[in-house]
Amino acid sequence: MITNFEQIYELLRSKTRKRLIAAWAVDDHTITAAYKAVQLGIVDATLVGDVNMIKKVCEAEKIDPTVFTIINNDNELASIAQAVLMVREGQGDILMKGLCSTDKYMRGILNKEKGLLPPKAVLSHVCVLSNPNYHKLVVLGDMAVIPLPDLNQKVAIVKYLVNTAKALQIEKPKVALLAATEQMLPGMQACVDAAIISKMIDRGQIPGCVGDGPLALDVAISKEAVEIKKLVSPVAGDADCLLFPNIESANTFYKVNSQLCKGVKQAAIVAGAMAPCVLSSRADSIETKLNSIALAALTAK
C-alpha cells in the first residue's frame, strides 16, 4: 500500500513516462510543475499556449524550454480546445489545466464533438490528501465538479474513489459515506443516500471495497471518536475514501487542509473522462500541481 507521495514518485520512475498535454500553460506554476515532473522522469510534457508568454516564464524561472514540446496558440479558448483534442486523438495520456478558469477548462472537456466525455459518463473531481495528523493517504470527492450529487452520481463517485485507492495499491479500500451524523436520520438526504450505498457495497453492487454510512467526519477518521461514541463499524476510524454529500462540504474540507494545516500534501484530478485531467485551483501551490500530475500519471492507462 502506498502511504505517501514520495512512494508514488518512486513507483512512477520505474514505469514508462506518460505524455502530459497542458492547456493554456502560460503561468509559472503550471510550467514549473510540468518542468519538475519532466525532471523527475514521470512525464514528457507538451505546453499549449502563447509561446512568447511561455518563454518569458521560462526565462524568469531559469527553466530550459527545450525540455518541452511547445505548441504556439495565443488564444486561451483555442488552446484549451487544441490540448483537449490532442488527448482525444491519442497524442497525450494526461490533460492539465493551466492559467485558464475551471469553467473554460471543463467546457473543453465536455465538448460533445471534440471533448473527452465518454457516452453517459459522470465526471468527478477526486483528491488524494496526505495530512500528518492522519496515518495514511485519504481519497475524497467531489470538491469541484458536481455541486449536489444525486444517488446515481454518488455511486459513480464512489467507484472513482475506489479505483483511485486501488491505484494506490490499497487492496480493499474502506469507504466512509459522510453525513452530519452517524445516526440514521430519514429526514436527512445525505443519511439516506449513505445507507443505500453502504448496503449496495455489502451486496456486491459496488465491488472491491468495504463501505459504511452514514458516518460523521470525526468517526470516519478518528479511532478515539469511534471509541467514545462506541460505534461498531468496519470503516470508522480507518477510512481510505471519503464521499462528501455536496460540493460545499468537500471543497471546504479540501481548502481547510490546504490553507490551515501545516504539512498537508494534496493532488486532484478529474476522473471519468477518456484520460485523467489535472484540475487544480489557480491558487494551488506548485507542489500540489506536481502531485496532481503524479496522480494523473499513476491512474492513466
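Here the structure is a predicted model, which is why all the values come from computation and not from measurement. (Residues numbered from 1 in each chain as written. Predicted model: local features only at pLDDT ≥ 70, side-chain atom pairs only at ≥ 80, totals over all residues. Heavy atoms only, no water.)

## Examining the sheet that holds strand β4 (residues 94-97)
Piece 1. Pairing is mixed across the open sheet formed by 11 strands, whose spatial order is β3-β2-β1-β4-β11-β10-β5-β6-β9-β7-β8. Each end of this open sheet is capped by a strand with a single partner; those strands are β3 (69-72) and β8 (210-215).
Piece 2. In this sheet, strand β9 (residues 241-243) lies alongside strand β7 (residues 174-178) in parallel orientation, the contact comprising 3 bridges. Each residue of the ladder has a partner; that of Leu177, found in β9, is Leu243.
Piece 3. Contacts between helix α5 (residues 102-110) and the sheet are confined to β4, β10 (265-271) and β11 (277-278), with β4 contributing the most and set at about 155° to the helix. (Pairing = 2+ DSSP bridges. Helix = DSSP H or I, 4+ residues; strand = E, 2+ residues; numbered from the N terminus. Contact = heavy atoms within 4.5 Å. Axes fitted to C-alpha atoms, helices over the stretch in contact; angles between N-to-C directions.)

## Concerning the side chain of Ser280
Piece 1. With respect to the helices, strands and loops of the structure, Ser280 is situated in the loop between β11 and α11 (286-299).
Piece 2. For Ser280, the side chain forms a polar contact with the side chain of Ser292, separated by 3.2 Å.
Piece 3. Residues contacting Ser280, with those up to four places away along its chain left out, are Lys97, Ala268, Thr288, Lys289 and Ser292. (Polar contact = N/O pair within 3.5 Å; in protein donor to acceptor, adjacent residues only side chain to side chain.)

## As for the packing of helix α2 (residues 28-39) against α11
Piece 1. Where α2 contacts α11, the axes come no closer than 9 Å and their chain directions differ by 50°. Here α2 is positioned oblique relative to α11, judged by the angle of their axes. Considering how the two elements wind past one another, α2 and α11 form a crossing that is right-handed. Where α2 abuts α11, its residues His29, Thr30, Thr32, Ala33, Ala34, Lys36 and Ala37 lie against Ile286, Lys289, Leu290 and Ile293.
Piece 2. For the contact of α2 with α11, the residue count by class is 6 nonpolar, 3 polar and 2 charged. (Parallel < 35°, antiparallel > 145°, perpendicular 65-115°, else oblique. Left-handed = near helix turned anticlockwise from the far one by under 90°. Nonpolar A, V, L, I, M, F, W, Y, C, P; charged D, E, K, R; others polar.)

## Re the pairing of β10
Each regular strand displays side chains that alternate between the two surfaces of the sheet.
Piece 1. The buried fraction of β10 is high, at 6 of 7 residues.
Piece 2. One ladder, built from 7 bridges, connects strand β5 (residues 124-130) with β10; its direction is antiparallel. Its bridge partner lying in β10, Val128 is registered against Ala267.
Piece 3. Taking the residues that link successive antiparallel strands as the turn, the β10-β11 hairpin has 5 residues, and the phi of Gly272 there is positive, at about 105°. (Buried < 20%, exposed > 50% of the residue type's maximum accessible area, 1.4 Å probe, protein only.)

## Some details on the pattern of salt bridges
Piece 1. Enumeration over the complete set of coordinates arrives at 13 salt bridges.
Piece 2. In this structure, Asp44 engages Arg17 in a salt bridge whose closest nitrogen and oxygen atoms are separated by 3.3 Å. Of the two residues, Asp44 sits in strand β2 (residues 43-49) while Arg17 sits in the loop between α1 (5-13) and β1 (18-23), which places them 27 residues apart along the sequence.
Piece 3. On the accessibility criterion, Arg17 (34% relative accessible area) is partly exposed.
Piece 4. In this structure, Lys199 and Asp202 form a salt bridge, with 3.6 Å as the shortest nitrogen-oxygen distance. Here Lys199 and its partner Asp202 are both found in helix α7 (residues 189-202), 3 residues apart, which amounts to about one turn of the helix.
Piece 5. Salt bridges sharing common partners tie together Lys136, Lys174, Asp238 and Asp240. (Salt bridge = Lys/Arg side-chain N within 4 Å of Asp/Glu carboxyl O.)

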